[in-house]
Amino acid sequence: MTSPFNRRARLALADPRLQQALQGGTGRFGEMRLKAFESAAAPLALRAKAREIRRRTFDDIGRHLDTLLANLRRSGVEVHAAPDAEAARRIIAGICRRSGAKLAVKSKSMASEEIHLNGALEKAGVRPVETDLGEWILQLAGETPSHLVAPALHKTLDQVVDLFRRKVDPGAGRDPEALTALARRALRQEFLTAEVGISGVNFAIAETGTLCLVTNEGNGRLVTTLPRVHIALMGFEKVVPTVEEALTLLAVLPRSGTGQKITSYFTMVSGPRRPGEADGPEEMHLVLLDNGRSRHLGGPFQEAFHCIRCGACQNACPVFQTVGGHAYDSVYGGPIGAILSPMFRGLEAAGEPAAASSLCGACQEACPVLVDIPRMLIEMRGARVAARTVPRAEALAFRAAAWAMRRPALWEFSFRALAQLGRLLPRAGRLGWLPGAAGAWAKGRELPLPARRSFRDRWRERQRGRRPAPVSSPAAQERTPEEMVERLRRQAALGHGLAHGHIASPPDVLPEVDIPDPAARFQQELEAVGGKVFRPASSEEAKAHILDLAGRWPGRPVAVSGGLPLPAGEWLREAGFEVLPPSDAGDGRERLAAAGLGVTGCAWAAAETGTLVLPSGGGSPRLHSLLPEAHLALVREEDVVPHLSALGPRLRERIAREGPSCVSLITGPSRSADIALTLIRGVHGPREVFALLLPRGLA
Ligand code: SF4
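Numbers given for residues are sequential positions, taken from 1 along each chain in its written order. Owing to the predicted nature of the model, reporting of local features is limited to residues with pLDDT of at least 70; listing and counting of side-chain atom pairs is limited to 80 or more, with chain, interface and lining totals taken over all residues. Working from all heavy atoms in the structure, the side-chain values ignore hydrogens and water.

Considering the sheet that holds strand S8 (residues 239-240)
By definition, the strands of a sheet pair up through backbone hydrogen bonds, in either a parallel or an antiparallel sense. Each pair of strands is called paired provided DSSP finds at least two bridges between the two strands. Every helix listed is a DSSP run of H or I at least four residues long, and every strand listed is a run of E at least two residues long, numbered separately from the N terminus. One open sheet holds the 8 strands; their spatial order is S8-S5-S6-S9-S21-S18-S17-S20, and the pairing between them is mixed. Of all strands in the sheet, those with a lone pairing partner are S8 and strand S20 (640-641), marking the two edges. As paired elements, strand S5 (residues 203-205) and S8 share 2 bridges and run parallel to each other. Residue isoleucine 205 lies in a different strand from S8, and its bridge partner there is valine 240.

Shown next as structure tokens:
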């Protein structure tokens, strides 16, 4: 009898469009991951550090969670404990009902998929709208995500075009940029009118009580800023002790997930809007989800909690590459999903995919936090056998094999007999058909028969002084020294061959790339991700740049934040522009959404990644860098720090001292590749990002 997983896998194998999408998608993500780690000073040490952070967090998870909850409550966040999916659905629907919400906008959250939140919201009379482009496409199609990072990875461009023509606009063309613009228009209105925003959480920093979102499109920022109520949902495993540790994990997550050094947005939310802030939610909740997690603390699968959901193991897995995520029948597919799903849903309901692995170790080699997935897959198989959830025929076959293996003479004789049998087959050496229940196994593959000369035979010959035949290796296929060196370099950098154990302890202080001129490096990095940096030599030049940029959107207002190092608002008003002051960010959001340019300051900038750091408050609304078509940041050269890691102490101190409800790390324009992996700018946030880098003495 064919198992449910095998049935789904066979359907996937027979779907040429799915095969095309999977091969293109997983292959490209894998390549981008390798390239992204080349920019780290010590990739393997970085991954080992990330791994150590995850391990050490779980040594004292109770204390970190206590600290997190205390800090969140101090900031005005209402924390709810949800022991299971039903409780989480009830809590979230209850908050929506009390808020009088009819519409809830959601940013991508695997936890909300895990608890099947949307159906519960609909039953409660709340219309949930997914706002991540990939998730929105799937909601239109009535489908579920198939990948942790790229939920619509399984959809080809043709399928998306067809969907848009049926559900959005009959005249939709085939250009991914135009399709994205359609989505932007449709979703803007939802953002502006939703009463509730629901998000997931990538990291929850205990020491500051900060919930972090790692996103590219800007929908996460809109969901956590525009609606009056923000609800965050997370499994307790997302806790991270310190800001520095969260930044280290940030250094590996986007590299592994989307091949970026850092995503466009790293949003750090530390509570509802503070007095004096122009925008942000008035009410904020955190729903802390257990749903089967706690029973695995201290057990053989605890290491699965180290996962930071980057999807790299899915891209690297030969099984996932072939059958895709839906074959796993769970929101968590692929190698890590084969562990997480039975942990959360039980062996009976979700244990089968653990058997669908070749145990090649590619998943662990790809994993940024070096989760030992192969070990846990084997443990999960053992647990299935112990719980008797494997089919009877399979259990009998393995029992028979175990019996034979304990009898070496019989074992050797059986293999010799099989090797002889192979000579009689039409395709010598391969067995493509097996009788009875074993037939299902042979349907998708051929069984190589034992070699005519067994290892024992070869060993005996060697002992008699004969040389064994040379063995070919993958390296033998390399044609040039450059190909070989390239492979060795990548393998050394990424710790190829580390699977199953030997990972050195990371150094206390991670090596960093050398940045002799932070300002020049900042310019180089921001421009590499599609931004544009101007370096005026005088205030006249700075003024000319500001007026020129504002003039690119004629007739449209300019949003100008307070506390800027230059009198940009005054210059713009004198030049005849309509200037929207910071207070318009709350009630004047429609007007703000019509703005061409948003002008803000910047607390710090990180040269290594070209990142702008914008804390809320002090006349700096979050929406000024988010709703207008373009964002211009005024950056003082002395505020440019070389590395992202240098931001850690600064962020901690700023959050503790001034308590901004939100700090946004912005790296280039809003972007997405959710339609056929085509990179598009300006999905929800600004299409363009400019920085005016002001030399000392000018600001
Ligand atoms: S197990 Fe590792 S590679 Fe897989 S999704 Fe989690 S962090 Fe990424």
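Quick notes on the sheet that holds strand S14 (residues 558-560)
Taken together, the 6 strands give an open sheet; going across it, the order is S13-S24-S19-S16-S14-S15, and neighbouring strands pair in parallel fashion. Strands at the two margins of the open sheet, each flanked by one partner only, are strand S13 (532-534) and strand S15 (579-580). The pairing of S14 with strand S16 (residues 597-600) spans 3 bridges and is classified as parallel. Residue valine 558 lies in a different strand from S16, and its bridge partner there is leucine 597. Where helix H24 (residues 518-528) meets the sheet, it contacts S13 and strand S24 (688-694), and its direction lies at approximately 150° from that of S13. Together, S13, S14, S16, strand S19 (630-636) and S24 form the strand contacts of helix H25 (residues 539-550), whose direction differs from that of S24 by roughly 170°. In this description, contact between two residues means that some pair of their heavy atoms is separated by no more than 4.5 Å. Axes, fitted as lines to C-alpha atoms, cover a helix only where it is in contact. Angles between the N-to-C directions of the axes lie from 0 to 180 degrees.

Here's the deal with a nonpolar patch on the surface
A patch consists of residues whose relative accessible area exceeds 30% and which take part in no salt bridge; residues with like charges are grouped when within 9 Å of each other, and nonpolar side chains (Val, Leu, Ile, Met, Phe, Trp, Tyr) when within 5 Å. Where accessible areas are quoted, they stem from the Shrake-Rupley method and a 1.4 Å probe; at the residue level, only the protein chains shown are allowed to cover. Each reported salt bridge corresponds to a side-chain nitrogen of Lys or Arg within 4 Å of a carboxyl oxygen of Asp or Glu. A cluster of nonpolar residues, Trp403, Leu410 and Phe413, forms a patch on the protein surface that exposes about 330 Å² of accessible area. With respect to the element layout, phenylalanine 413 can be found in helix H20 (residues 408-424). Residue exposure (1.4 Å probe, protein chains only): buried if accessible area is under 20% of the type maximum, exposed if over 50%, otherwise partly exposed. With a relative accessible area of 58%, phenylalanine 413 lands in the exposed category.

Remarks on the pairing of S16
Here S16 shows two buried faces, one formed by Leu597 and Val599 and the other by Gly598 and Thr600. For S16 and S19, the ladder comprises 4 bridges, and the chain directions are parallel. Its bridge partner being in S19, leucine 597 is matched across the sheet by alanine 630.

Quick word on the domain arrangement of the protein
One frequently used descriptor of interface size is the decrease in accessible area upon assembly of the parts. Where each domain begins and ends follows an automated or database-derived domain assignment. Taken as a whole, the protein is organised into domain 1 (1-38 + 294-390), domain 2 (60-293) and domain 3 (518-694). Once you take the C-alpha centre of each, domain 1 and domain 2 turn out to be 23 Å apart. Each of two parts loses accessible area, computed with a 1.4 Å probe, when they are put together; buried area is these two losses added. When the two sides are added together, the surface that domain 1 and domain 2 hide from each other amounts to roughly 3000 Å², 65% of it contributed by carbon and sulfur. Three residues, Arg309, His326 and Val331, lead the burial of domain 1 against domain 2; their summed loss comes to 20% of the area buried on that side. Scanning the region where domain 1 abuts domain 2 turns up 1 salt bridge. One salt bridge connects glutamate 237 with arginine 309, and the closest N-O pair in it is separated by 2.9 Å. N or O atoms within 3.5 Å of each other form a polar contact, as long as, within protein, one can give a hydrogen and the other can take it, and as long as residues adjacent in sequence are counted only when both atoms are side-chain atoms. Here domain 1 and domain 2 share 9 residue pairs in polar contact (both at pLDDT 80 or more) between them. Going through the elements one at a time, helix H2 (16-37), helix H13 (312-316) and helix H15 (334-345) are the ones with two or more residues in the side of domain 1 that touches domain 2. Looking at the side of domain 1 that touches domain 2 residue by residue, the classes come out as 20 nonpolar, 10 polar and 4 charged. In this classification, the charged set is Asp, Glu, Lys and Arg, the nonpolar set is Ala, Val, Leu, Ile, Met, Phe, Trp, Tyr, Cys and Pro, and all remaining amino acids, among them Gly, are polar.

Side note on the side chain of threonine 609
One can find threonine 609 in the loop between strand S17 (604-606) and strand S18 (611-615). Of the polar contacts made by the side chain of threonine 609, one reaches the side chain of threonine 611; its length is 2.6 Å. Apart from residues lying up to four places away in sequence, threonine 609 is in contact with Lys261, Ile262, Glu525, Leu644 and Thr667.

A word on the environment of serine 454
Along the polypeptide, serine 454 turns up in the loop between strand S12 (447-448) and helix H22 (455-463). Classification of serine 454 by relative accessible area gives partly exposed; the value is 25%. Residues serine 454 and isoleucine 308, spaced 146 residues apart in sequence, show a C-alpha to C-alpha distance of 44 Å.

Description of the packing of aromatic side chains
Aromatic rings from Phe, Tyr and Trp, with only the six-membered ring used for Trp, were paired whenever their centres fell within 6.5 Å, and each pair was classed as stacked if the ring planes differed by under 30 degrees, edge-to-face if by over 60, and tilted otherwise. The tally for this structure, following the rule as stated, stands at 8 aromatic pairs. One aromatic cluster in this structure is built from Phe5, Phe320 and Tyr328. Charge over a ring is defined by NZ of Lys or CZ of Arg lying within 6 Å of the ring centre and within 35 degrees of the ring normal. Its end group placed over the ring of phenylalanine 344, arginine 293 keeps NZ or CZ at 4.1 Å from the ring centre.

Description of the site of the ligand
As a matter of local geometry, the ligand sits amid Leu148, Cys307, Ile308, Arg309, Cys310, Gly311, Ala312, Cys313, Ile336, Cys367, Pro368 and Ile373. Split into classes, the residues belonging to the shell around the ligand amount to 10 nonpolar, 1 polar and 1 charged. Throughout, the term near means that a residue has one or more heavy atoms lying within 4 Å of the molecule or strand in question.

Some words on the pairing of strand S7 (residues 229-235)
With 7 of 7 residues buried, S7 is to be regarded as a mostly interior element. Across the two faces of S7 the burial is the same, with Val229, Ile231, Leu233 and Gly235 and His230, Ala232 and Met234 all buried. Relative to S7, strand S4 (residues 196-199) runs parallel, the two being bridged by 4 bridges. Its bridge partner lying in S7, isoleucine 198 is registered against isoleucine 231. Two strands pair when backbone bridges link them, and S7 and strand S10 (residues 283-289) are joined in this way by 7 bridges, in the parallel orientation. Bridge pairing in S10 links valine 229 to glutamate 283.

Let's talk about the environment of alanine 354
The topology assignment puts alanine 354 in the loop between helix H16 (347-350) and helix H17 (362-366). Judged by its relative accessible area of 0%, alanine 354 is buried. In this structure the C-alpha to C-alpha distance between alanine 354 and arginine 381, which are 27 residues apart in sequence, comes to 6.3 Å. If we skip the residues at most four places from it in the chain, alanine 354 touches Ala338, Leu377, Met380 and Arg381.

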